[in-house]
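# A closer look at the structure
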Amino acid sequence: MDLITVDSEVGKELTFTSERFDPRSYLCRVDGTVYVSHIHTTEMGKGYFGQLVRSIWDKGLIVKVPSPYQRMEKILRHYGARPTIEFDLRMGPCEVWILPPPQSGDDTLQSSLS
């Protein structure tokens, strides 16, 4: 597992910067997945989360959000994400919402993030 922090080298590549996200925010990369478990934007409604998701997808990675708060769940539903259950060795079963990269030629989810 790799921790991605705001303004880190990888964070900057993903638009995960202090201009957009609270410096206490972080992401976790595990293999081909980036877990969005603790993020707060500096300004709500500016599309920063959607831009972050597109940047992660551009790297060919899947976005997963474990146990989202109500506001994030609403955003995820808007983007067409669906919950599933994953098993964590420390925490046991955990609800995780998945935003897989769009398939070639399928811009439905991609356009909803614009």
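Below, the structure is looked at part by part. (Residues numbered from 1 in each chain as written. Predicted model: local features only at pLDDT ≥ 70, side-chain atom pairs only at ≥ 80, totals over all residues. Heavy atoms only, no water.)

### Side note on the overall build of the protein
- Along its length, the protein carries four helices and six strands.
- In the protein, the succession of helices and strands from N to C terminus is β-α-β-β-α-β-α-β-β-α.
- Taking 114 residues into account, the globule formula puts the C-alpha radius of gyration at 13 Å, and the protein, at 13 Å, falls close to it.
- Each principal axis of the C-alpha distribution contributes one length, and for the protein these read about 35 × 35 × 25 Å.
- Every one of the 114 residues in the protein was classed for burial, and the buried ones make up 39%.
- In the protein, the proportion of contacts linking residues at least 24 apart, taken out of those at least 6 apart, comes to 51%. (Helix = DSSP H or I, 4+ residues; strand = E, 2+ residues; numbered from the N terminus. Rg over C-alpha atoms; globule rule 2.2 N^0.38 Å. Buried < 20%, exposed > 50% of the residue type's maximum accessible area, 1.4 Å probe, protein only. Contact = heavy atoms within 4.5 Å.)

### Focus: the pattern of salt bridges
- The full count for this structure, using the stated rule, is five salt bridges.
- Residues Asp22 and Arg24 are paired through a salt bridge, measuring 2.8 Å at the closest nitrogen-oxygen approach.
- Residue Lys46 is joined to Glu43 by a salt bridge in which the shortest nitrogen-to-oxygen separation is 3.9 Å.
- Here Lys46 falls in the partly exposed class, since its relative accessible area comes to 47%.
- Note on Glu43: relative accessible area 40%, which makes it partly exposed. (Salt bridge = Lys/Arg side-chain N within 4 Å of Asp/Glu carboxyl O.)

### Concerning the sheet that holds strand 6 (residues 92–99)
- One open sheet accounts for six strands, arranged 1-2-3-4-6-5; its pairing is mixed. Every interior strand has two partners, whereas the edge strands, strand 1 (2–5) and strand 5 (82–88), have only one. Sheet twist, expressed as the average angle between the axes of neighbouring strands with direction ignored, equals 35°.
- Relative to strand 3 (residues 33–38), strand 2 (residues 26–30) runs antiparallel, the two being bridged by four bridges. If you follow Cys28 over to strand 3, its bridge partner there is Tyr35.
- Each of strand 2, strand 3, strand 4 (62–66) and strand 6 is contacted by helix 2 (residues 48–58), which is oriented at about 135° to strand 4, the strand it contacts most.
- Across the face of the sheet, helix 3 (residues 70–78) comes into contact with strand 4 and strand 6 while running at roughly 45° to strand 6. (Pairing = 2+ DSSP bridges. Axes fitted to C-alpha atoms, helices over the stretch in contact; angles between N-to-C directions.)

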